[in-house]
Structure formats: structure tokens, C-alpha cells
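# Secondary and tertiary structure notes
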Amino acid sequence: MAGVTTTAHCLELSVFPTSPYYARVHVQRVLEGWGRSDLVETARLVVSELVSNAIKANASGVPAAEPAAHASPDHVWLDLYRVREAVVLRVWDACRTAPVLCVPDLEDEGGRGLHLVDLLASPWGYHRPSSGGKIVWCTLAAPPESPVDGMG
Ligand SMILES: Nc1ncnc2c1ncn2[C@@H]1O[C@H](COP(=O)(O)OP(=O)(O)OP(=O)(O)O)[C@@H](O)[C@H]1O
Ligand SMILES: [Mg+2]
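Rules behind the numbers
Residues numbered from 1 in each chain as written. Chains lettered and ligands numbered in written order. Predicted model: local features only at pLDDT ≥ 70, side-chain atom pairs only at ≥ 80, totals over all residues. Heavy atoms only, no water. Helix = DSSP H or I, 4+ residues; strand = E, 2+ residues; numbered from the N terminus. Buried < 20%, exposed > 50% of the residue type's maximum accessible area, 1.4 Å probe, protein only. Contact = heavy atoms within 4.5 Å. Areas by Shrake-Rupley, 256 points an atom, 1.4 Å probe, with all protein chains shown as cover. Axes fitted to C-alpha atoms, helices over the stretch in contact; angles between N-to-C directions. Left-handed = near helix turned anticlockwise from the far one by under 90°. Nonpolar A, V, L, I, M, F, W, Y, C, P; charged D, E, K, R; others polar. Near = heavy atom within 4 Å. Phe/Tyr/Trp six-rings, centres within 6.5 Å; stacked < 30°, edge-to-face > 60°.

Moving on, we get to the overall build of the chain. Within the chain, the regular secondary structure consists of three helices and five strands. The linear arrangement of helices and strands in the chain, starting from the amino end, is β-α-α-β-β-α-β-β. Out of the 152 residues in the chain, the part that is buried amounts to 38%. Excluding contacts between residues fewer than 6 apart, the proportion of contacts in the chain whose partners are at least 24 apart in sequence is 64%. For the chain, the exposed surface amounts to about 8,600 Å²; the carbon and sulfur share of it is 55%.

Time to look at the packing of helix α2 (residues 40–59) against helix α3 (residues 113–120). Two numbers describe how α2 lies on α3: the axes approach to 9 Å, and their chain directions differ by 145 degrees. Remark: the crossing between α2 and α3 carries left-handed chirality. For the pair α2 and α3, contact is made by T42, L45, V46, E49, L50 and N53 and by G113, L114, L116, V117 and L120, respectively. For the contact of α2 with α3, a count of residues per class yields seven nonpolar, three polar and one charged.

Right, let's talk about the site of ligand 1 for a bit. Taken together, 16 residues lie around ligand 1, and N53, K56, G111, R112 and K134 are the ones closest in. Here ligand 1, which alone exposes 600 Å², has 74% of that area covered by the protein. When residues of the shell around ligand 1 are traced back to their parent elements, those giving at least two are α2 and α3. Considering each element in turn, the shell around ligand 1 owes the most residues, four residues, to α2. The residue makeup of the shell around ligand 1, split by class, is six nonpolar, five polar and five charged.

Counted according to the given criterion, the structure contains two aromatic pairs. When the centroid spacing of 5.0 Å and the interplanar angle of 75 degrees are considered together, the rings of Y21 and Y22 count as edge-to-face. Taking the relative accessible area as the measure of exposure, Y21 reaches 44% and is therefore partly exposed. Looking at Y22, the relative accessible area reads 46%, which means it is partly exposed. With 4.3 Å between their ring centres and 75 degrees between their planes, W77 and W92 make a pair best called edge-to-face. Highlighted residues: W77 in strand β2 (residues 75–83) and W92 in strand β3 (residues 86–93), separated in sequence by 15 residues. With respect to class, W77 is no different from W92; both count as buried.

Treat this as a map of the structure, not an account of what it does.
Structure representation (C-alpha cells):
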């Protein structure tokens, strides 16, 4: 992921159907390591949607709008880091096309992933780094956990 400052918790994933699973395991491990098990359930849902979208975008074969030396259609990257009272999750793919937030009808088969992200991990957004591709990011609120009540 040249041209992008990654964190110690960056994971490279192949464009493969099992990758959302590994993404979920990764965010769970990192969050547990930070003592933030309270965020695991939400983070697993959100990362699953973002990685699934990134894989679909890469697999769609939509060519990058500009030549991008470091855009690999065979991989996506994921990382997470802490900022004050939040955890930011980022997923990078090789496709320059923007994600589109949909408002799905009951009958719609798809279009729910980003809606879920918007509900659970707002703000979210995307940008196109100079190194190519695109990063979709979202924020999980991580207020300090209230201390366990003392005895008595
Ligand atoms: N990483 C991405 N790159 C390019 N386009 C994206 C990306 N993520 C989402 N999109 C676009 O935004 C649309 C909405 O994404 P969303 O995740 O809400 O729905 P979906 O992936 O189509 O269906 P579902 O997530 O319910 O299976 C997608 O159909 C796609 O066109
Ligand atoms: Mg989706």
C-alpha cells in the first residue's frame, strides 16, 4: 500500500471469497488486544461489508481511471487504528469508482452493506490516494469504558 501510511495492524487479503472471514478475525484480534471487546461485534459486521465490497470492486475489473503503480486487482488491504475516542477502519481496493450509499427497498436483494456501515460506523467516507485505488474508511465510536463499580 505504497503512498499510504499504514498502521501496525495492516492486513493484505487476496481477492477471494474467504477474505471477509479473515478480515473479521483480524479486527477481532486487534480489538481484543486493545481491550475493546465491546467493539468487536460491530467491527466484524462493518469490516465484512467493506471487504466484500472491495473484493467485488476489484473482481469487477473496472479499470483504474489513471495508471496506478501500486493498485493490485488481486489484493485488498485493511487496517485499523485508534484516534482519541474512536477506532478507524480502512479498506483499500484497486478500483477508482466511488462507493454509493443506497436506501434499499424491502424487495432489493443488495444495496444494504453501506447502509449498515452508515448506521453503525458513521462518519464514513472514501478517498483516492495518489498511489492508486481507493480507501473506504469508517469510524467506530470508542468512548472510554466506564470503570467497573467498586465493591460495596
Ligand atoms: N469499494 C467499492 N468500490 C466501488 N464501488 C463500491 C464499493 N463499495 C460499494 N460500491 C458501490 O456502492 C454500491 C452499494 O454498496 P452496498 O455495499 O451498500 O451494496 P451491495 O454491495 O450492492 O449489496 P450488499 O452489500 O447488500 O450485498 C455497490 O453496489 C457498488 O456499486
Ligand atoms: Mg456490499
